[in-house]
Amino acid sequence: MFEQDYVMRLIKEMVRVILKLLFNIDSESPTVELIENKVQKETLENLLDMIDAGKINEAENRLHDLISDEDRESLEIALLFYLYLNNKADDFLEEHDFSREEIKLGLEDVADIFGLRSITGRFLMGP
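Residues numbered from 1 in each chain as written. Predicted model: local features only at pLDDT ≥ 70, side-chain atom pairs only at ≥ 80, totals over all residues. Heavy atoms only, no water.

A. Spotlight on the nonpolar core. Core analysis: the biggest nonpolar cluster contains 37 residues, and Phe81 and Leu85 have the highest contact counts within it. If you list the elements that add at least two residues to this core, you get α1 (2-23), α2 (38-52), α3 (56-66), α4 (72-86), α5 (90-95) and α6 (100-113). The element that contributes the greatest number of residues to this core is α4, accounting for nine residues. Every residue in contact with Leu85, bar those within four places of it in the chain, is listed here: Ile51, Ile56, Leu93, Phe98, Arg100 and Ile103. (Core = buried A, V, L, I, M, F, W, Y, C linked by side-chain atoms within 4.5 Å. Buried < 20%, exposed > 50% of the residue type's maximum accessible area, 1.4 Å probe, protein only. Helix = DSSP H or I, 4+ residues; strand = E, 2+ residues; numbered from the N terminus. Contact = heavy atoms within 4.5 Å.)

Put into structure tokens, the structure is as follows:
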């Protein structure tokens, strides 16, 4: 339990740091409301609805189809996607065949795509 809470906090803080450094967004609890582009906001909202419906793996697959290393908005969507997912209870994740470790791995993949491994590596190294 303690380790899961620790991983949750690390993920949240890592997302907040990247949002601050790259997007100049300083928010204690970043949400979809931070996205200004209407199409991007709708895209994220659809992905979050899929999470709520328990279609986490499908939502993550769609997210990765959208990601482009040349599109900073897709980075913002990915960060908010994983932060939202990170806020889900362990029981919810388990029920839908997902884990906190998969959230961490998904963020690491996104970090690699955008060349941010040096930032995320500091946060996501094990306790």
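B. Molecular detail of the packing of α2 against α3. Two numbers describe how α2 lies on α3: the axes approach to 7 Å, and their chain directions differ by 155 degrees. The orientation of α2 with respect to α3, classified from their angle, is roughly antiparallel. Here α2 and α3 pass one another in a crossing that is left-handed. Contact residues: Thr43, Leu47, Met50 and Ile51 in α2; Ile56, Glu58, Ala59, Arg62, Leu63 and Leu66 in α3. By residue class, the composition of the contact of α2 with α3 is seven nonpolar, one polar and two charged. (Axes fitted to C-alpha atoms, helices over the stretch in contact; angles between N-to-C directions. Parallel < 35°, antiparallel > 145°, perpendicular 65-115°, else oblique. Left-handed = near helix turned anticlockwise from the far one by under 90°. Nonpolar A, V, L, I, M, F, W, Y, C, P; charged D, E, K, R; others polar.)

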